[in-house]
Every structure is written in C-alpha cells, then in structure tokens.
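Residue-level listing of the chains:
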Amino acid sequence: MRHAIRVLWGATALVLSGSSAATPKAVDYSHDVRPILAKKCFACHGPDASNRKAQLRLDTSDGPREAKDELLARIKTHDDDDRMPPADFSDGKRLTLTEVEVIERWMAQGAPFQDHWAFTAPTRHPVSTPANTRWPRNDIDRFVLGKLEKEGLAPSPEADGAALLRRASLDLIGLLPTLEEHEALRRDRRPGAYERAVDRLLASPHYGERMALMWLDAARYADTHGLHVDSAREMWPWRDWVIDAFNRNLPFDQFTVEQLAGDLLPEPTRDQRVATGFHRNHLISGQNSEIPEKVHVGYVVDRVNTTGAVWLGLTLSCAQCHDHKFDPISQLDYYRLFAFFNNIDEKAIDGRDGNAAPTLPLSANGKLTTMVMAERAQQRPSHLLIRGEYDQKGAPVEPGTPSVLPAMAPELPRNRLGLARWLVDARNPLPARVFVNRLWQMLFGTGLVATSEDFGQQGEVPSHPELLDHLATEFVRGGWDVKAMLRLMVTSATYWQRSAAPAAAYARDPDNRLLARGPRFRLDAELIRDAALRASGLLSTRIGGPSVKPYQPAGVWAAVASAAKTGMYTAQVYEQDHGESLYRRGLYTFWKRLAPPPALAAFDAPTRESCTTRRPRTNTPLQALVLMNDPTFIEAARALAAKVMHARRETDGRIALAFRLVTGREPAPDELRTLSDTFRRQHTLYRRDEASARALLGVGETPVDAALDPRALAALTTVTSVILNLDEAITKG
Amino acid sequence: MDHSMLTRRALLTGAAHGVGVAALAHLHPAHAAVMPRAKRVISLFQFGGPSQHELFDEKPQLKIRHGQELPPSVRGNGPISGLSRGQAGLPVVGSPFSFQRESRTGLAFSELLPHTAKMAPHLCMIRSVTTDAVAHDPALTLMQSGAQLPGKASIGSWVSYGLGSGNRDLPSYVVLTSKGSGDKDTQPLGPRLWSSGYLPSSHQGVAFRASGDPVLYLGDPPGISRQQRRNMLDAVTRLDARLARTVHDPEITTRIAQYELAFRMQSSVPDLLDFGGERQDVFDLYGADTRRPGSYAANCLLARRLVERGVRFVQLFHRGWDQHRALPEHIRLQCGDTDQPTAALLMDLERRGLLEDTLVIWGGEFGRTAYCQGKLSQDDFGRDHHGRSFTMWLAGGGIKGGVSYGETDDFGYNVTRDPVPLRDLHATVLHCAGLDPSRLSFRFQGLDQRLTGVGEPAKILTRLLV
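Residues numbered from 1 in each chain as written. Chains lettered and ligands numbered in written order. Predicted model: local features only at pLDDT ≥ 70, side-chain atom pairs only at ≥ 80, totals over all residues.

A.B. asks: I'd love a proper account of the overall build of chain B, names of residues and values included.
C.D. replies: Looking only at helices and strands, chain B has 13 helices and 17 strands in total. Classification of the 466 residues of chain B by burial places 61% in the buried group. Restricting the contact set of chain B to residue pairs at least 6 apart, pairs at least 24 apart contribute 77%. (Helix = DSSP H or I, 4+ residues; strand = E, 2+ residues; numbered from the N terminus. Buried ≥ 20, exposed ≤ 12 C-beta atoms within 10 Å, placed from the backbone. Contact = placed C-beta atoms within 7 Å.)

Given below as structure tokens:
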C-alpha cells in the first residue's frame, strides 16, 4: 500500500521539486530501487552472463555507481535511439517518471547497495519499543505493534476464549474442539489457561496429522504415479513417518536430514530410510514409454526444483536451461545441485505392481514396500545440460551448492547427506526463514513474505523483515523446535486478536498484512471435511495406514482411465470403501493425480503433480454444491442431528447444541429463531411425506437410528445441513 | 468511490430483505460508455504458444534460407529466449507445411487449418501482437491480467465486472480446459489465471472440470425438494448476512452470492450440459471428439451453449502448443484437435445469429521463433518462445472480417508495421464489449487499477473495428 501511495506522490513531487524545500525521504535500495532495476534492467544487465549487454551489470554494488553518468543520461534522454530500456525491448518496460526520479535520488545518495535481503544471514534486530506497552505478550507483538503504530493503527480487541480455542485447535490439530474441551477452558480460572490448552493441542497425536497436511503438498505426495496409466503406488508408510516425526517433534534440521539423506546416515534405522521417500514422491513413468535417460533426468530435475522450493524458497527451475534471469543462480549452480540427486538407480513401473525400485520391504512376506532413496555404489557422472536437454551434455560438473549462498563446510561429504547438513547449517540464510514463514502462512493466511515459494528478487519483500529474522534466528537458536515456534506464534497477542473488524479495516488491508486484526480465512479442503465429520461424531480418529476411498461421484476415475486393458492396471476403477474408511480424515483420502478427490479439489486442493507451498483460496458456487449435496456432508448432517436429538429434548436446545458443536459458540436468539423456523417448516413437510424423510435419511452408509422419529430426524438433518453450510462453519475466524 | 464498499452494502441490504442477491448484479457500475458491439466474449486460449510460422504468417524467405543463420541485423539487440541461448547457432527454419491464399480474402492459411481457412471472411488476422514476457507463467499472467506479476484481475473478471451477468443462472465467467494431443507439457494452469484479483471475488472465473462431468454434486439429495432447498438456502443466507454485518469480511458476501448462484446452477447446468437436443449435423460440424466430455471439441460446443445462455465471458484453455521439439508432428496433432471445432464454433454462432455480437479471440501467450531450437533435421525441429511478434485472430462482435493487421519482417521476427502491445489488444476487447478501457477501473490500494495498466494509455485498434 505504501508503494502505491508513493507512486502517486512521487509524480507530484517531481513537478514541485526544485523549489520545494522539503527534504526528500531517503530512498531505500531494497525497498525502492532494486524492484525497479529487477523488473526493468536485470534481464539484460543482471546475473545472466551469457546475455549481458554492454558488459554492464546493475545487480551488483559497483556496477551502477561506475556507470552513474551514462546511466542517468540514458534513462532520461528523449532520444529513442539512446533511451534505456530500449524501445524495442518493450513498451511496458520503459521507466516511469517516478522510477527515473527514484533512481536519480538514489544516485544522489551515493547509490548505497544492499545484497538481496534473503541471501544475507538473518540477524537479530533490536525489538521495537511501541508506545503501548500493555498489549504485547511476546516479542512478535512488539514488532507487529511497532509497525501498526507507524501506520497510525491500533490492534483489535482480544478474541473471546471459545473463539480462540477453536482457532488454535483448527490450526494445531486441524480439528474442532469438543464441547468438553471448551468447557475445560471455561472452567480453568488459573492464569495461563489458554497456554495450557495450546500445550495440550501440541501434545495431541492429531497435531502430526495437521502438520503433515502442509508437508504433503510440499512433498507432492500422492497414491498414484501420475503419468501414463497413472497406476497406484504405496507411499503411505512415508506419509505416516511424517505424521510421526511431527508428533515426536523431530527437530526440523533432523527432519530435513532424514528425508533428504536418511539412507546415508551411519547405520540408518528403518524409519530413517523410510523418510527418504520424500524424494521418491515425484511422478514416475511407465515402462517402455520413454527414453530412459530423459526420464531419469526428469526425476532429478524434479528433486532439484522441489528442494529449492521447499528449503530455499527459490525458483531454481529457471536455471535448468539458462542462468537465472533475476536471481544469482547460474546454470552451473543448478547442475551442481543436480549432481547430488543424480546417483540413484530407479526402475520404471509397469502399471501392475505398485512401487518402483529402489524399495524397502516393510512386511515379513515382502509384499508391503515403500519407495526409498538408495545411492549407487559408483558415482554417476553429471554434466551441465545445454538448454536443459537431457541429451545435450556440456561440461562435467561435481556436486556443489549455489555460489551466492555460504559455501559448504569442507568436512561435509559431497553427497546428499552433505547437502542436507549444508541446508540446515545455521549460516544458511534461507531454510529457517522459509520454514517459519510457512508456519506463519499456515496460521495467519499470508506469509510475512507473501510469495512463500519465492524469496528471490522477483518475490515480495517481507512485510515485517525484522520480525521474520527474529523468528528465524529464534528457531535455529531453539534447536529447530517446530512446536516451540508454533507455541510462540499462537500465544502472541497478534494471534489472539478478534478477526471481526470494521469494513474500512477490511478494505484498507484485505489480506491483513499489517496484522491489525486476527486471522480469518476459509479452511483448507481436508479440514472442511474433517470439521463436518468431527462435529457429527462420525470422524474416525485412527492415525495412519493405507489411503482410503470414501464416497465419490461416479465416473470421475473412468474419465481418465486407460482405455485399453483397464483390468490390467491398478487404480483405474474406483472401488469405494465401506465402514470406518468412509470417515477417515481428509488427509487419508486416496490421491489419484489425474483425478484428485473432487470434493477436495473444489476447495483448491492441488493435484500433487508438483510441489505446492501455497494453495489458492477461491470462493466459488462449485464449493456450495459440494457442501449442499456431497453424501459425506449429508450423512454428517444426519449424524449430527441424531447426536443432538439424543442429547437434548427440546428442538431449540438441539439446534443450539448442533450450532455450538460446529461454530464453537451459542447462537444468538435471532439466529436460533431462523433455524427453528426452518425446522418447523421442514418438519411440517416431512410429517406429511414420510417417504421423503426416509429417502433423505438413506443417504450414507451408517445405519439410521431406529429409536428416533424419522420425520423429526429428517427435518433436523436439513437444519444441521444449513449449519454445516454456514460461512462460519468452514472458516477459521 | 470505493465500489467494493458500495457493492457489499447493496448486496447485504438485498440479502437481508430476502431479495435474490444476483438481481443486484445488474446494478453494475456505469462503465459502459460506448455502443457495445459484443455482448459476450469467447477466448480460445491456445496454451503454450502456437507457432505462427506453421499456421498463419507465411514467410518464403524462411524456406529459401532454411538452415542458414538468422542475420544478426534481424535479431538486433533484443534478448532472445533463454532456452535457445547457448545454442551454437540460430538457423532459421522454413515451415514444412504449404500455405494457400483463401480466395475471398487473400489471407494465407497453412494446410493444417483447412477448416479455419473457410471462415476467413470473418477473421481479422493480427500478425503484429507483441508481448514483454517470454516465459509461460509471466506471459500467461500478462495476457490474462495486463501484468506479469500475479494479483491483478483477469480479463474475464473485468468483463464480468463491467457488464454484469447476462444470465443469473450461470456464472458470468466460465473456464473450460482441455489437453491436446501434442506436447504433454506440465506448465501449471490454475485458478490464479482466472482470478478476480482485487475485484469482488464473485467475478472470478468458475472452472468446470477438465474431464468427465463438467460440474459435480448438482443434484439435491433424495428427499429434499426444490422448495425445501430454497428454504434451507434462505436460512444460510440470513445467517451469513447477519455475520457479515458484524465481521465485515467481504468473502462472506461473496459466499452468499455463490450460494444463490449454486442454487440456480442446479436447474440451469443439467440443461446446459445435455447435448441430447443437439442435431446430428451439429456433432458433424464440430467433429467426432464432440461426444467426449472434456475434449476441445466438446468445450467449443459447450462455449456456444454458454454464450447462447448469456454467459459474458467463456474461456477455453487448450494445452499442448509448447513445441520446443518435434514441432511438425505435434502441431499437426494439435491442429487435428482444434481446427475443425474452432471453425465449427464460428459457423455455428453465425448460423444462430450470435456471431455479430459475440467476440471470439484465438491465440496463445506468445508465438515461436523463426529459428530452430534443438536439432534441425530433414523433417524435425523445434521452435522456442517468441514474444516480439506473433499472430492472433479476432472474429465476430464489432470486428472487421477478412483483413489482416500489422506486418512482420521477412523472417517473421520483428514487427515492421502496427505493433499491437497487449494493452492495446485488451483495450480493443473491452471497447468491443462496450466498455471504455480508460474508465473501467477499480480503486485499490490508492490507485485506479485497470486491465490496461496504470501507466501509458492504451490505444483502441480502431482500424480493426466494423
């Protein structure tokens, strides 16, 4: 926002300058200048050596200073032949008057240069000292409030206990709190009641499931191979390892090392080898269909790109074919990383058996396996691939890390284990920042760096750079303790704020970047499912195991099934499960990449074909159709209705209880009236038409409770369905 | 004035009084400033960057100089795509396909497009489109939203915002996707591209599913009548509207509108998707693929059915044009998927009297290079991304047919006359739809945001207009 205002004022200021006595505000390189240069100059005068024009480089400290006079003349001239950026480059990339002025002022200040913030180590900044000293609960709040006060804003009031418990419970275990949990918090009058509730949530075995959800997207986890016939694989033992690792609070550095190189640890345990399935989650090709070398290169490229996105927050893939245009990542850097992952012998799958070698047997009979990494005895030579083509080998390369980042310690082995240890070396400026930012995104909806997948020069600068650095250094200092980091965040006053705010506040800061209110956004797809099942009592709390196939409309798989020989291949025909498997958490739904679970896809779940670190958050009529008509949600409404019928005698009491189970609060009198009016109307209809009542109750496979009057149960089911469709039901607020 | 505030207040008032919210969608901001020629738009987005050299922009010099180095004077100072940099040379490559001039118009079409050629009198061939971006993601984002960085509103959501809904029972912006037979590219194609950005999110594109049934979960469960559903929805709306009055999150208001739309889609979509009433000659026109849901041909027919019902903006994305290698083989496959259905759509619209007020746009996010990427052999080559010049065509509502606009040099490399930057293209599309590109704006973060950008003014390409 400040940007936009500055642009407007800048234009005016230019007209007035000369006579104006006002001292111009100092230009900040990272904030004001680099974005202009990155967008309009670096393509020809940036890191990419092979395409650099006039040997002029503007992404360095000295380049612009040395070229000062020429540079200013060329950006200011009216002669189209001389003007930079050149006319034929593109009209859109001309500098605006304001941009010229920013560069001039920067030059007048002596062209001070800063390295791109993300490539320099995070430092601990002095904590802000806001005027309001009562509000902050921890250092997060001091940074946040410092900025709010600068903007002339004040934080929102505290959310009430029930709302806060619902928020934290959804964030930390992905489940709605039970009434008992609400009650326990209400009764706990001692100081620190909320903090104790947080500790209970962090100790819950469901915490690992919630965290795995975020990690499965990043790791492109799925239950099919994704190419050709898209047949089945069994990687759920790896998924269960992730759940368990989060539950054990395995420090993030160790979590990293085991997944990237567990097999290379001295005497690796079975679990440590299972962990390496992280880099076997990529798409795997079928037999005979492709050139083996091309397929192999594709796998390695996927591992490099995923590693870059997940740990470094960089779009390394740009450097697969050429030096990166905006970030100082050369093509050589790319293939040096490539060399780390180039030493696995992988077999193709053939669509009939599940996993492709190398695998690790997990059952006594050897039938259950999971895919793992295994190093070849003989190092496979790696080459720079010209234009990224698998068959265009350039110079040989050795494993190595990008030159813009601190070098690998000499004692580290030049293999995946060394790479993993280098990633989590405290001197590496990126992984700690990238991960704490992702935690922040999970809780607050938008990261401190909004482009959580890109910390490079094309990404967004952080909204609160000092806070980000504070959290990153705190994370490392505390031993990469994920639970401790989350605890710090969810016990901050920033998190504690109410999300209701005046319309003007929403209009001024739609994405809540300034954090003047509590987080409020739609739940992720899987959590919407879990919430309905949990409120109704249908949810299975079993953790782990093979993926399951709940209700799904007919024809979803058939549309992508291999036309010939469907019977030969796995995962071509959807055979819906029964019993408990229908009520497992969304995270256990069988994920077929060519036809992902449609009810989850409608709420922006990705296909898992490649790494996703940030889901879009759309709001469409198709989502309404899922919540209104998917048998999962109809059956949940019926079970919720039956549950409250058993618990209360009066209609209003029943409705209020159902409302509270879903939203965490008592309905206001007029809300209750709306719902009980609906009940009465529906009940009148069903009293006259019991067949329809029974038809509705027939949706879903749980037996109908014969002790309940079907007409009343059906009417109440329509009311609980209304409740499950409320904005509040699918929103964390 | 803050339109988002106005809209929200209007919607809430309406909702609170039980008025169908979408009725208010007709209260669109007064941006319509010119006589609309097009009441709706169909964008046939050829995703990946189809080669103009193999389709429309015939260059005899490329054939004559086949295999020779691209002259440095042609290449000039501009950057070339990173993908072919580092290549030992840049040999130009002539198209292996023959071209014919269509008799009525003199427009050239390659042998790959016999059906499209028949529609030449309707087409305005723009040979001089030029884009700043040469990588898929920024180029797509630029084509869709006028900016390379994500976050702006897409063209379909602008048209929806500007014109309002033409049919309360369907989304005003519908997205259909299909996979081509050509290159199996893996470029992401996600909701960011049809997002409404800072515009109210009710204007975002609604994407139908790419395979099988386009819309799932349409039917009410057994035992719930339409009247009961209506009652249930009234309760949802009343409670959500109440919440919006205290929480003020605009997403709640959008959700109310989306529920109302979902309710109406339950009635309108089965009819929309039921091709049973189409006559056999329609299936013959669009081709054999039409009966396969999710194919480009089926989507073309669906596009006609959507605009027929008043949907403002229908956008097809057809994948498979990113032919860095094996171009001759893959482009033939792609044209096999698309040529007949594309022409059929135009013809069908014309027969029904819809073409004169439906603007049809054909094109990709950029074109392809005059020179070869990768190995150049007797019958195989690839072409890299090329943003400096490429061909798109417009047809229908407000557009002059049978003409070409802009010229490129002998190599099809640089624009030599009438360059068309994307903002001019965008301005022209909006103008055809009766919207003034300089006035269609939305106040966000201190700026009047426009599809055509907040910088230099965009030009309407008046010579293309009827």
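A.B. asks: Any chance you could break down the nonpolar core for me, citing the residues and the numbers?
C.D. replies: With 315 residues, the main nonpolar core has Met489(A), Cys124(B), Ala303(B), Leu359(B), Leu394(B) and Ala433(B) as its most contacted residues. Beyond its immediate sequence surroundings of up to four residues, Ala433(B) is in contact with Pro36(B), Ala38(B), Val41(B), Val159(B), Gly162(B), Leu163(B) and Leu359(B). If you look at the next biggest cluster of nonpolar residues, it comprises 12 residues, including Val33(A), Leu37(A), Ala38(A) and Trp106(A). (Core = buried A, V, L, I, M, F, W, Y, C linked by C-beta atoms within 7 Å.)

A.B. asks: Describe in detail the environment of Leu422(B), supporting the description with residues and values.
C.D. replies: Residue and element names in this part refer to chain B. Among the secondary structure elements, Leu422 is positioned in helix H13 (residues 422-432). Among the residues examined, Leu422 registers 30 C-beta atoms within 10 Å and is labelled buried. For the pair Leu422 and Gln68, spaced 354 residues apart in sequence, the C-alpha separation works out to 32 Å.

A.B. asks: Tell me about the confidence of the model for chain B, and please be specific about residues and values.
C.D. replies: All names here are of chain B. Per-residue confidence for chain B gives a mean pLDDT of 88, with 89% of residues at or over 70. Residue range residues 1-32 is modelled with pLDDT below 50. Its contacts to residues more than four positions away, or to other chains, number 56 contacts. Interface confidence in the predicted complex, given as ipTM, is 0.89; pTM for the same model is 0.87. (pLDDT = per-residue confidence, 0-100.)

A.B. asks: Residue-level account of the interface of chain A and chain B, with values.
C.D. replies: Many structure descriptions define interface size as the accessible area lost when the parts assemble. Counting residues at the interface gives 73 residues for chain A and 68 residues for chain B. Among the secondary structure elements, those contributing two or more residues to the side of chain A that touches chain B are helix H1 (2-16), helix H3 (42-45), helix H22 (503-508), helix H25 (621-629), helix H28 (669-688), helix H29 (690-697) and helix H30 (710-724) of chain A. Grouping the amino acids of the side of chain A that touches chain B by side-chain chemistry returns 39 nonpolar, 21 polar and 13 charged. (Nonpolar A, V, L, I, M, F, W, Y, C, P; charged D, E, K, R; others polar.)

A.B. asks: Go over unusual backbone geometry, please, and point to the residues and values.
C.D. replies: Here the amide bond leading from Met84(A) into Pro85(A) is cis, since omega sits at -10 degrees, within 30 degrees of zero. Assignment of secondary structure puts Pro85(A) in the loop between helix H5 (68-76) and helix H6 (97-108). At Ala111(A), a position not held by glycine, the phi torsion is positive, near 50 degrees. Note that Ala111(A) resides in the loop between H6 and helix H7 (139-150). The phi dihedral of Ala326(B) is positive, around 50 degrees, even though this residue is not glycine. Mapped onto the elements of the fold, Ala326(B) is located in the loop between strand S7 (313-318) and helix H12 (327-351). The exposure class of Ala326(B) is partly exposed, given the 15 C-beta atoms found within 10 Å.

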